[in-house]
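The primary structure of each chain is shown beneath.
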Amino acid sequence: MWTNTAAVLDCTQDQFFDVVHAALRGCCNFIQKVCRSKLEKVRMAMTARTCSLPVRMVSNEALLLMAPVFLILLGAAAVVIPLVVVLFVMYHKLSLGTSLLREQITRETTNVASNVFAQLEALLYLQQELKLSHALPPTRGWAASPDFLRNVCSHTLAQRPASVVECSSGISTLVLARCMQLNGQGHVHSLEHDPEFAEKTRQLLRLHGLESWATVCDAPLKPLVLPSWTGQWYSYEVLPAKLAIELMVIDGPPWFVAELARYPAIPALYERMQANSAVFLDDADRPGEKELVRRWEAEFPALQKMLVPICEKGCVALKKTGS
Ligand SMILES: C[S@@+](CC[C@H](N)C(=O)[O-])C[C@H]1O[C@@H](n2cnc3c(N)ncnc32)[C@H](O)[C@@H]1O
């Protein structure tokens, strides 16, 4: 937007010099015209009185007398006209900037309003489908957003996965556990590196009477070396050894623990993912997440993108095709 503004302002400066030039030329013409007519009047008056002095001399004297006046007028015009034009250009620039700012504010306000509406719709969906015994804790921020939770929830209720693995616990664990309960089958294993958050999620599950549908696994981050990645990831050996994964929900670890912190989820657990199993990745609009999705797709061609409604923080859904 600012590039466009600069282009418009540059163009206005060219026009500004044209206007100054034309104004000065007009002013000179005007002064010349006034002087000529004054001199003509003096000449005529002198002739009428049959002055003995030659007419040419009178006009030269008159010219000498009027010269300071012309100079003062010219000086005033030279100061006033550019000042007026500068003020005009400043006003023009300001009004242009203001209207661009107004457009930007309107656009952003509209985006915020439609996002708030989308989140409210998703919350209503969750409320209607899940009918939890207590209110859903605050979403967004560190927690998943309602639109992401709705995508995960609608997939889980429709596909009825028997086994879900989640990377990072919280409200998403509560939603998944309730889906298991509504489906009457399945279990969630949630990897959580932070013992404090693990305990909070367990309390949340107990509050909703859902503790038998989800297990929060204490999985401290520890060094992991993969062919194309090195860093810290969950101690995933805490998962049951023969777990056949039908759904993976990836919302951790937090981005700051390693570069492409969520990349290991697929390479580490790919062998345990069943045919037609799905992966939901939150925060997929972040550059790091975009890069790790590119890598997963290149390294695991059986993963195909599924079409899902867009989410405020981005949501990528993949399906493991083939046998
Ligand atoms: C993006 S959060 C996971 C949120 C979870 N999936 C949910 O829907 O609530 C990733 C990790 O950040 C940590 N975490 C959660 N809330 C936090 C907070 N308020 N401050 C710092 N870390 C937090 C937890 O260890 C969690 O596993």
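A brief look at the structure comes next.

### Quick word on the packing of helix 4 (residues 171–183) against helix 5 (residues 195–207)
In step 1: Where helix 4 meets helix 5, the axes come as close as 9 Å, and the angle between the chain directions of the two elements is 35°. Our pair here, helix 4 against helix 5, has a crossing hand that is right-handed. Contacts between helix 4 and helix 5 involve I171, T173, L174 and A177 on the former and, on the latter, T201, L204 and L205.
In step 2: When the residues that make up the contact of helix 4 with helix 5 are grouped by side-chain class, the tally is five nonpolar, two polar and no charged.

### Focus on helix 5
In step 1: Compared with the 18 Å implied by 1.5 Å per residue over 13 residues, the 18 Å span of helix 5 between its first and last C-alpha is a close match.
In step 2: Listed in full, the buried residues belonging to helix 5 are A198, T201, L204 and L205. In an axial view of helix 5, the angular spread of the buried residues amounts to 120°, which keeps them on one side of the axis. More than 90 degrees from the buried face of helix 5, the exposed residues found are P195 and E196.

### Side note on the sheet that holds strand 6 (residues 245–250)
In step 1: Strands sit in the order 3-2-1-6-7-9-8 across an open sheet of seven strands; the sheet is mixed. Pairing within the sheet leaves two strands with one partner each, and these edge strands are strand 3 (214–218) and strand 8 (303–306). Here the strands of the sheet are splayed against their neighbours by 20° on average, with no regard to which way each runs.
In step 2: With five bridges joining them, strand 6 and strand 7 (residues 273–282) adopt parallel strand pairing. The residue bridging I245 from the neighbouring strand is M273, located in strand 7.
In step 3: Lying over the sheet, helix 7 (residues 287–299) contacts strand 6, strand 7, strand 8 and strand 9 (315–320), oriented at roughly 165° with respect to strand 7.

### Thoughts on unusual backbone geometry
In step 1: For the bond from G252 to P253, the omega torsion is 0°, close enough to zero to count as cis.
In step 2: Relative to the helices and strands, P253 resides in the loop between strand 6 and helix 6 (265–269).
In step 3: With a phi angle near 70°, R140 is a residue other than glycine that sits in the positive phi range.
In step 4: Mapped onto the fold, R140 is located in the loop between helix 2 (55–130) and helix 3 (146–159).
In step 5: A relative accessible area of 36% means that R140 is categorised as partly exposed.
In step 6: Positioned with a positive phi, L260 is a non-glycine residue whose angle comes to about 50°.
In step 7: Tracing the sequence through the fold places L260 in the loop between strand 6 and helix 6.

### Some thoughts on the site of the ligand
In step 1: Neighbouring the ligand are 14 residues, the closest being W142, I171, S172, E192 and D251.
In step 2: In this structure, an oxygen atom belonging to the ligand sits 2.9 Å away from a main-chain N or O atom of I171.
In step 3: Side-chain polar atom of S172 to a nitrogen atom of the ligand: 2.8 Å apart, as the coordinates give it.
In step 4: Isolated, the ligand exposes 580 Å² of accessible area, and the fraction of that covered by the protein chains is 81%.
In step 5: A per-class count over the shell around the ligand returns six nonpolar, five polar and three charged.

### Looking at the nonpolar core
In step 1: Counting residues in hydrophobic clusters, the biggest one holds 35 residues, and the most contacted among them are W233, M248, I266 and W296.
In step 2: Of all elements in the fold, only strand 1 (163–167), strand 4 (221–226), strand 5 (229–234), strand 6, helix 6, strand 7, helix 7 and strand 9 reach the threshold of two or more residues within this core.
In step 3: Among the elements that take part in this core, helix 6 stands out by supplying four residues, more than any other.
In step 4: Not counting residues within four places of it along the chain, the set of residues in contact with W296 comprises I250, R262, Y263, I266, P267, L281, L303 and L318.
In step 5: Ranked by size, the runner-up nonpolar core spans 30 residues in total, among them V188, A214, C311 and A317.

### A few points about the layout of surface pockets
In step 1: Taken as a whole, the largest pocket encloses approximately 710 Å³ of empty space.
In step 2: Around the largest pocket, the lining comprises 29 residues; the ones closest to its centre are W142, A143, S169, G170 and F197.
In step 3: Within the residue set of the lining of the largest pocket, elements represented by two or more residues are helix 4 and helix 5.
In step 4: Looking at the lining of the largest pocket element by element, the count peaks at five residues for helix 5.

### Overview of helix 7
In step 1: A rise of 1.5 Å per residue sets the reference length of helix 7, with its 13 residues, at 18 Å; its end C-alpha atoms lie 18 Å apart and thus fit the reference within 8%.
In step 2: Along helix 7, the residues that are buried comprise E289, L292, V293 and W296. For helix 7, the arc enclosing every buried residue in end-on projection is 105°, short of the 170-degree limit, so these residues lie on one face. Facing away from the buried side of helix 7, by more than 90 degrees, are the exposed residues P287 and A298.

Rules used throughout
- Residues numbered from 1 in each chain as written.
- Predicted model: local features only at pLDDT ≥ 70, side-chain atom pairs only at ≥ 80, totals over all residues.
- Heavy atoms only, no water.
- Axes fitted to C-alpha atoms, helices over the stretch in contact; angles between N-to-C directions.
- Helix = DSSP H or I, 4+ residues; strand = E, 2+ residues; numbered from the N terminus.
- Left-handed = near helix turned anticlockwise from the far one by under 90°.
- Contact = heavy atoms within 4.5 Å.
- Nonpolar A, V, L, I, M, F, W, Y, C, P; charged D, E, K, R; others polar.
- Expected span 1.5 Å × (residues − 1).
- Buried < 20%, exposed > 50% of the residue type's maximum accessible area, 1.4 Å probe, protein only.
- Arc of directions from axis to C-beta.
- Pairing = 2+ DSSP bridges.
- Near = heavy atom within 4 Å.
- Polar contact = N/O pair within 3.5 Å; in protein donor to acceptor, adjacent residues only side chain to side chain.
- Areas by Shrake-Rupley, 256 points an atom, 1.4 Å probe, with all protein chains shown as cover.
- Core = buried A, V, L, I, M, F, W, Y, C linked by side-chain atoms within 4.5 Å.
- 1 Å grid on protein atoms, 1.4 Å probe; cavity = no way out; pocket = protein on both sides within 12 Å on 5 of 7 lines; lining within 4 Å.
- Points joined across faces, edges and corners; volume = space filled by probe spheres on them.

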